[in-house]
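Observations on chain architecture
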Amino acid sequence: MIRFIALFFAVLIPTIASAWSETGHHVIAVLAYNGMDSESRSKMMEILSHHPDFETTFKPPANVTTKAGIEKWQIGVAGCWPDIIRRTDEDRPTWHYELGATLVIGNVEVDDRPGPLPADATMDTQELYLSQAVELALKTYRDESVAKADRAIALCWILHLYADGHQPCHAGSLYAPCFDGHDRGANSIRFTDRGNLHSAWDGLLGRRATASDVLRRVAKLGNPLVVLRTVADEAGPDWLTPSVWLTESRKFGLSHVYTDEVRRPVIAASRGLTDGLPKFNLSEEYFQAAGKVARERVKYSATRLAIVLGK
């Protein structure tokens, strides 16, 4: 059943790097909102109210009427906004993922990881990757000399990219001869039932968001920030940096995305033992383990967001 659900979700969206689903981004943003103190939360919501699309895109459903409910819906939409603007002039496609390898099989050329944020980068710069874009968005959001409309847009990117980077398929790709370079964050690992591995991971937290479903999922995750704030305190400020949580995600990529079920056919195809890479039919056990990882990554993402947005 778990496998069926994951694959059903996988066919609903195109094979682009969106990271988590609408529900996943809502859940992470609401968990972060819940973990912030009232002053930081009020400041965040006031800035968000200046977003150019606030009166349209951020309008809550008719059945959401309380102040807290409306704010949670709006902050969830903020986390989704960089996906909402896909294929528009505001889209920044490469911001959603980190260039480089999670796993290398065989003799292939591997892209270098992104360097430091270019000194002349702005929110209009297209040629950035996830770690660079996070640094830029945080810098913009915290700069009180910047127009609030621009800070609101930066806030959306912060919420979105912290979530994206905790999804293992966004932290790196599988490089092997059977791909044209790499697998595009598991987008090129296709299923017999349609869909692909990347989109299946996106859907592990659900797909289309409703206010009640988001709150139900948030409640089911409990209050992880109490424990993880202690982890953050013990780890120090580096725990909040993209290099740390992208490294975490790549480790889960090795252990839970590119398992033996995935590696064996890739190795065979790369050695010319099969006629190309076959479509995959992954086990229920694969998706059970993946679901556990997804829920843990959500908790870590939300905790880090609550801390950086509370500064």
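Whatever comes next refers back to the structure up there.
A brief look at the structure comes next. On a predicted model such as this, the values are computed, not experimentally measured, just so you know. (Residues numbered from 1 in each chain as written. Predicted model: local features only at pLDDT ≥ 70, side-chain atom pairs only at ≥ 80, totals over all residues. Heavy atoms only, no water.)

Let us look at helix 9 (residues 225-235). For an α-helix the count is 3.6 residues per turn, leaving residues at separations of three or four pointing the same way. Every buried residue of helix 9 is accounted for by Leu-225, Leu-228 and Ala-232. For helix 9, the buried positions fall inside an angular range of 65° around the axis, keeping them on one side. Those residues of helix 9 that are exposed and angled more than 90 degrees off the buried face are Val-226, Val-227, Asp-233 and Glu-234. In this structure, the buried side of helix 9 is in contact with helix 2 (22-34) and helix 12 (284-309). (Buried < 20%, exposed > 50% of the residue type's maximum accessible area, 1.4 Å probe, protein only. Helix = DSSP H or I, 4+ residues; strand = E, 2+ residues; numbered from the N terminus. Arc of directions from axis to C-beta. Contact = heavy atoms within 4.5 Å.)

With that out of the way, let us pick up the pattern of salt bridges. Think of it this way: side chains of opposite charge can pair up when their charged atoms draw near. Per the counting criterion, the structure on display carries 10 salt bridges. Across the pair Arg-217 and Asp-213 runs a salt bridge whose closest N-O atoms are separated by 3.0 Å. In this pair, Arg-217 and Asp-213 both sit in helix 8 (residues 211-221), four residues apart, roughly one turn of the helix. For Arg-297, the salt bridge goes to Glu-248, with nearest N and O atoms at 2.8 Å. Here Arg-297 is found in helix 12, whereas its partner Glu-248 is found in helix 10 (residues 242-257), with 49 residues between them in sequence. Here the two residues Arg-297 and Glu-248 agree in accessibility, since each one is buried. Members of the salt-bridge network, linked through shared partners, are Asp-213, Arg-216 and Arg-217. (Salt bridge = Lys/Arg side-chain N within 4 Å of Asp/Glu carboxyl O.)

This paragraph deals with the side chain of Arg-86. The residue Arg-86 is located in the loop between helix 4 (67-84) and strand 1 (101-104) in this model. Under the relative-accessibility criterion, Arg-86 is labelled buried at 15%. Of the polar contacts made by the side chain of Arg-86, one reaches the side chain of His-96; its length is 3.4 Å. (Polar contact = N/O pair within 3.5 Å; in protein donor to acceptor, adjacent residues only side chain to side chain.)

It is worth spelling out the packing of aromatic side chains at this point. Pairs of aromatic rings are described using the distance from one ring centre to the other and the angle between the two planes. According to the stated counting rule, one finds seven aromatic pairs in the structure shown. Seen in terms of ring centroids, Phe-191 and Phe-287 are 6.3 Å apart; in terms of plane orientation they differ by 80°. Their pairing is edge-to-face. Residue Phe-191 is located in the loop between strand 2 (173-175) and helix 7 (197-202), and its partner Phe-287 is located in helix 12; the two are separated by 96 residues in the primary sequence. Judged by relative accessible area, which is 2%, Phe-191 ranks as buried. Within the aromatic cluster, the residues linked to one another by ring pairs are Phe-191, Tyr-286 and Phe-287. Of note, Arg-92 hangs over the ring of Trp-95, and the distance from its end group to the ring centre comes to 5.9 Å. Between the NZ or CZ atom of Arg-151 and the centre of the ring of Tyr-141, over which it lies, the distance is 5.9 Å. (Phe/Tyr/Trp six-rings, centres within 6.5 Å; stacked < 30°, edge-to-face > 60°. Lys NZ or Arg CZ within 6 Å of the ring centre and 35° of its normal.)

At a minimum axis distance of 7 Å, the contact between helix 4 and helix 6 (residues 148-165) shows a crossing angle of 85°. By the angle class used here, helix 4 and helix 6 are roughly perpendicular. Residues Ile-75, Ala-78, Gly-79, Cys-80, Trp-81, Pro-82 and Asp-83 of helix 4 pack against Ile-153, Cys-156, Trp-157, Leu-159 and His-160 of helix 6. Its residues assigned to classes, the contact of helix 4 with helix 6 shows nine nonpolar, two polar and one charged. (Axes fitted to C-alpha atoms, helices over the stretch in contact; angles between N-to-C directions. Parallel < 35°, antiparallel > 145°, perpendicular 65-115°, else oblique. Nonpolar A, V, L, I, M, F, W, Y, C, P; charged D, E, K, R; others polar.)

In short, the description is geometric, and any link to function would need to be established separately.
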